Amino acid sequence: MHIAIIGAGIAGLSCAQELKLAGHRVSVFEKSRGVAGRMCTRKTAEWECDHGAQYFTARDPAFIAQVDRWLAEEAVALWNPTIAIYQDKQWTKPHTELNRYVGTPHMNSAAKSLAASLSIHTEHTVERIEFNEQRWSLSTKEHGALADRFDAVILAIPAPQAQQLLQEMDTPLNVIANSAQMLGCWTMMLNFADKLNVSFDAAFINQGKLSWIANNNSKPQRSGLPTWLVHANSAWSQENIELEPAEAADVLIEAFAELTNARPVNHTIHRWRYASTLNNLDLEFGMDSDKRLGLCGDWLNGGRVEGAWLSGYKLAQQFR
Ligand SMILES: Cc1cc2nc3c(=O)[nH]c(=O)nc-3n(C[C@H](O)[C@H](O)[C@H](O)COP(=O)(O)OP(=O)(O)OC[C@H]3O[C@@H](n4cnc5c(N)ncnc54)[C@H](O)[C@@H]3O)c2cc1C
């Protein structure tokens, strides 16, 4: 079969890789300029910062095997941060130790390694999918209607974006896409002239507006100005998702300064509209066998990088 995958995040790429191994021809369409989706890194001449996924863990044997392949290629490495927890105005340490992995040299390196052997069409925002005479056709914002016809289509994109493509289609996948509610996340990247005087590399913040702060330079193979990443929590982010970026930045810089006594020399803000899922569906994936139409992504499988990778991997097994 010739299968179109929409979205080159970790779910779309794991699905594509597995379909290719099964002997299918696979074409991946991605709206951005690069692959990795929410496993991404912002890079400038002076600094870099992972501003989506911060690290990932591995529990399922299939995903552990993938992590081992990445480790062998040096596309990921273990990150051993000193972690703190801030709650009830007190700093404590977590009780459990986890193996935390990050892409190297950047968070997107793991996705890039999967993409290397695949046919990826970046800057292709799919706006319309149509099923006619048992074949699929796609239209993109940048290139209009594509000449190729496909035997199957897989949507490896967040639920609200899948809803848009499915809304006029008669398929049970509509109900699935409509039932997931995704939440935003305001994210800040803060540059400092010097290292901060704090006793941790990263911290879970369980009160106030923030949820996580991390010293990006504490990750393996990172370089550039001392840079900290700040995530606002999903409740505050969702309530304030339409704030002007400058207003959100003022609030979050203040919240960071209250915790660390440090103020950045420079800052960059990013609004994720679809960062996490309020109600993870735990369906693993969605499949309309009559139309050969599939859905995969973190929101169908417990959230997070491992869930996304497994969602794509397990959906691909349906085409064996
Ligand atoms: C702020 C933040 C912090 C996080 N922290 C962690 C963490 O610490 N640990 C962890 O495990 N997970 C974390 N996550 C979650 C993790 O990043 C995701 O679970 C995972 O990356 C999702 O992968 P995905 O392939 O399902 O979706 P995505 O990565 O969102 O990939 C979807 C892709 O589809 C593309 N796309 C969308 N619509 C279209 C279209 N119409 N046409 C073409 N392309 C399209 C997008 O550009 C994107 O590249 C975090 C996420 C965020 C945002």
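Residues numbered from 1 in each chain as written. Predicted model: local features only at pLDDT ≥ 70, side-chain atom pairs only at ≥ 80, totals over all residues. Heavy atoms only, no water.

### Digging into the overall build of the protein chain
Phase 1: Broken down by element type, the protein chain carries eight helices and 20 strands.
Phase 2: What you see for the protein chain is a C-alpha radius of gyration of 20 Å, in line with the 20 Å of a compact globule of 320 residues.
Phase 3: With respect to the three principal axes, the spread of C-alpha positions in the protein chain is 65 × 40 × 35 Å.
Phase 4: Relative to its 320 residues, the protein chain shows a buried fraction of 55%.
Phase 5: Here the contacts in the protein chain between residues at least 6 apart in sequence split such that 69% fall between residues at least 24 apart.
Phase 6: Per element, the accessible surface of the protein chain, about 14700 Å² overall, is 45% carbon and sulfur.
Phase 7: When the 29 positive and 35 negative side-chain charges of the protein chain are each reduced to one mean point, those points stand 2 Å apart. (Helix = DSSP H or I, 4+ residues; strand = E, 2+ residues; numbered from the N terminus. Rg over C-alpha atoms; globule rule 2.2 N^0.38 Å. Buried < 20%, exposed > 50% of the residue type's maximum accessible area, 1.4 Å probe, protein only. Contact = heavy atoms within 4.5 Å. Areas by Shrake-Rupley, 256 points an atom, 1.4 Å probe, with all protein chains shown as cover. Lys, Arg positive; Asp, Glu negative; His and termini not counted. Charge placed at Lys NZ, Arg CZ, Asp CG, Glu CD.)

### Overview of the pairing of strand β14 (residues 182-191)
Phase 1: Taken across its ten residues, β14 has ten buried, putting it largely inside the fold.
Phase 2: Across the two faces of β14 the burial is the same, with M182, G184, W186, M188 and L190 and L183, C185, T187, M189 and N191 all buried.
Phase 3: Pairing of β14 with strand β18 (residues 266-277) involves nine bridges; the strand directions are antiparallel. Residue L190 lies in a different strand from β18, and its bridge partner there is H267. (Pairing = 2+ DSSP bridges.)

### So, the sheet that holds strand β13 (residues 152-155)
Phase 1: The mixed open sheet is built from six strands, whose spatial order is β9-β2-β1-β13-β20-β19. Every other strand in the sheet has two partners, leaving β9 (119-121) and β19 (286-288) as the edge strands with one partner each. Neighbour-to-neighbour, the strand axes of the sheet open up by a mean angle of 20°, direction not taken into account.
Phase 2: In this structure, strand β2 (residues 25-29) lies alongside β9, joined through three bridges in parallel fashion. Bridging across to β9, S27 finds its partner in S119.
Phase 3: Along the sheet, helix α1 (residues 10-21) makes contact with β1 (2-6), β2, β9 and β13, crossing β1 at roughly 170°. (Axes fitted to C-alpha atoms, helices over the stretch in contact; angles between N-to-C directions.)

### Considering the site of the ligand
Phase 1: Taken together, the neighbourhood of the ligand is formed by 36 residues, with E30, R38, Y55, D298 and V305 sitting nearest.
Phase 2: The separation between an oxygen atom of the ligand and a polar side-chain atom of R38 is 2.7 Å.
Phase 3: Within the contact set of the ligand, an oxygen atom lies 3.2 Å away from a backbone nitrogen or oxygen of Q54.
Phase 4: Expressed as a share of its isolated accessible area of 1000 Å², the protein-covered part of the ligand is 92%.
Phase 5: Looking at the shell around the ligand, the elements with two or more residues in it are α1, β18 and α8 (304-317).
Phase 6: Counting residues per element, the shell around the ligand draws most heavily on α8, which supplies three residues.
Phase 7: When grouped by side-chain class, the residues that make up the shell around the ligand number 19 nonpolar, twelve polar and five charged. (Near = heavy atom within 4 Å. Polar contact = N/O pair within 3.5 Å; in protein donor to acceptor, adjacent residues only side chain to side chain. Nonpolar A, V, L, I, M, F, W, Y, C, P; charged D, E, K, R; others polar.)

### Section: the pairing of β1
Phase 1: Within β1, five of the five residues are buried, which leaves it mostly tucked inside the rest of the structure.
Phase 2: Of the two faces of β1, the one lined by H2, A4 and I6 and the one lined by I3 and I5 are each fully buried.
Phase 3: In the sheet, β1 pairs with β2 via five bridges, with the strands oriented parallel. The partner of I3 across the bridge, within β2, is V26.
Phase 4: The β-α-β motif built from β1, the intervening α1 and the parallel element β2 has right-handed crossover chirality.
Phase 5: The pairing of β1 with β13 spans four bridges and is parallel. Note on β13: the bridge partner recorded for I3 is A152. (Right-handed = clockwise from strand over helix to strand, strands pointing away.)

### Describing helix α7 (residues 245-260)
Phase 1: Here α7 spans 22 Å end to end across 16 residues, near enough to the 22 Å set by a 1.5 Å rise per residue.
Phase 2: When α7 is considered as a whole, its buried residues turn out to be A248, A249, L252, I253, A255, F256, A257, L259 and T260. (Expected span 1.5 Å × (residues − 1).)

### Some thoughts on unusual backbone geometry
Phase 1: Note the cis peptide between T104 and P105, where omega equals 0°.
Phase 2: The residue P105 is located in the loop between β8 (100-103) and α3 (109-115) in this model.
Phase 3: With phi around 60°, E74 is a residue other than glycine that occupies positive phi space.
Phase 4: Relative to the helices and strands, E74 is located in the loop between α2 (61-73) and β5 (76-79).
Phase 5: The exposure class assigned to E74 is exposed, which follows from its relative accessible area of 59%.
Phase 6: Notably, E133 is not glycine yet its phi reads approximately 50°, a positive angle.
Phase 7: If you trace the backbone, E133 turns up in the loop between β10 (126-132) and β11 (135-140).
Phase 8: Residue E133 is classed as exposed on the basis of its relative accessible area of 77%.

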